[in-house]
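# Geometric and topological summary
Listed below are the residues making up each chain.
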Amino acid sequence: MLGALLVRRKARTGCSYLNSREIDKFLRDWRDDAVFVYPGTISVSGEHKGKSSIRKWWMAFYAQFPESHFTIKGIYVRDILSFLPSNQITIEWEVDVKNMHGDRFHNKGVSLVTIRNGKISRFEDYIFDHVTLMTAWSSKAML
């Protein structure tokens, strides 16, 4: 149970780093070879491999959305009894953003997070409203 509590605390801390736009602190708990998967068929969609690519993705997100706020609704740990530094968690979240044109959007999603040896190795986002996703990014966000 202690491992599950630590994982939940790290997830909340990571969310606060995203909200304060401290991307280097957010990525501190990621493996160098981590993979981030973002849904959709837009320029920022797909697999982003390695910390530098993931950092570049988040910088594009912050440029596209000068205002953003993530709220964690739930954190679910696959193996709550594990004492090992490896596990899987699901984070249920909501996000409010304002894009570079001043348009506001709200969306919900879940992130499936694989932790290996105490660091994030894979992070997959699933977003509920794909129309909102595409509309919010529609002003030509490019990596």
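Refer to the structure above for everything that follows.
Reading the values: rules and limits
- Along each chain, residues carry numbers from 1 onward, in the same order as the chain's sequence is written.
- The model is predicted, so local features are restricted to residues of pLDDT at least 70 and side-chain atom pairs to those at 80 or more, both for listing and for counting; the totals for chains, interfaces and linings are taken over all residues.
- Hydrogen atoms and water are omitted, and side-chain values are computed over all heavy atoms in the structure.
- Stacked, edge-to-face and tilted are the three classes for Phe, Tyr and Trp ring pairs, Trp counted by its six-membered ring, which pair at centre distances within 6.5 Å; planes under 30 degrees apart are stacked, over 60 edge-to-face, the rest tilted.
- Summary of the burial criterion: residues with accessible area below 20% of their type's maximum are buried, those above 50% are exposed, and those between are partly exposed, where the area comes from a 1.4 Å probe applied to protein chains only.
- Helix and strand definitions follow DSSP, with helices as H or I runs of at least four residues and strands as E runs of at least two, each counted in order from the N terminus.
- A carboxyl oxygen of Asp or Glu within 4 Å of a side-chain nitrogen of Lys or Arg is what we treat as a salt bridge.
- Multiplying one less than the number of residues by 1.5 Å gives the expected span of a helix.
- The pairing criterion is simple: DSSP has to find at least two bridges between the two strands.
- The angle between two axes is taken between their N-to-C directions and runs from 0 to 180 degrees, where each axis is a line fitted to C-alpha atoms and a helix contributes only its stretch in contact.
- In this description, contact between two residues means that some pair of their heavy atoms is separated by no more than 4.5 Å.

On to the packing of aromatic side chains, then. Enumeration over the complete set of coordinates arrives at 21 aromatic pairs. Ring geometry for F36 versus Y38: centroids 6.2 Å apart, planes at 40°, classification tilted. Summarising the burial analysis for this pair, F36 and Y38 share the class buried.

Turning our attention to unusual backbone geometry. Although it is not a glycine, R21 adopts a positive phi angle of roughly 60°. Position of R21 among the secondary structure elements: in the loop between α1 (2-19) and α2 (23-26). With relative accessibility at 27%, the residue R21 sits in the partly exposed group. Even without being glycine, N117 reaches a positive phi, approximately 55°. Summarising the element assignment, N117 is placed in the loop between β5 (104-116) and β6 (119-127). Given a relative accessible area of 55%, N117 falls into the exposed group.

Once that is clear, we can look at the pattern of salt bridges. Scanning all chains against the criterion turns up 11 salt bridges. Its salt-bridge partner being D33, residue R116 comes within 4.0 Å of it at the nearest N-O pair. Residue R116 is located in strand β5, and its partner D33 is located in strand β1 (residues 30-38); the two are separated by 83 residues in the primary sequence. Given a relative accessible area of 46%, D33 falls into the partly exposed group. One salt-bridge network, held together by shared partners, links E47, K49, R122 and E124.

As a further point, take helix α3 (residues 51-64). The first and last C-alpha atoms of α3 sit 20 Å apart over 14 residues, in line with the 20 Å expected at 1.5 Å per residue. Of the residues making up α3, those classed as buried are I54, W57, W58, A60, F61, Y62 and Q64.

This part is about the sheet that holds strand β2 (residues 46-49). On the basis of which strands lie adjacent, the open sheet formed by six strands has the order β2-β1-β6-β5-β4-β3 and mixed pairing. What marks the edges here is a single partner per strand, and that holds for β2 and β3 (67-77). Strand-to-strand twist in this sheet, taken as the mean axis angle between neighbours without regard to direction, amounts to 20°. By the bridge criterion, four bridges tie β1 to β6 in an arrangement that is parallel. Across the sheet, V35 pairs through a bridge with R122, a residue of β6. The sheet strands contacting α3 are β1, β2, β3 and β4 (87-98), and the helix crosses β1 at an angle near 45°.

For V77, the location among the structural elements is in strand β3. Between the C-alpha atoms of V77 and R116, which are 39 residues apart in sequence, the distance is 14 Å.

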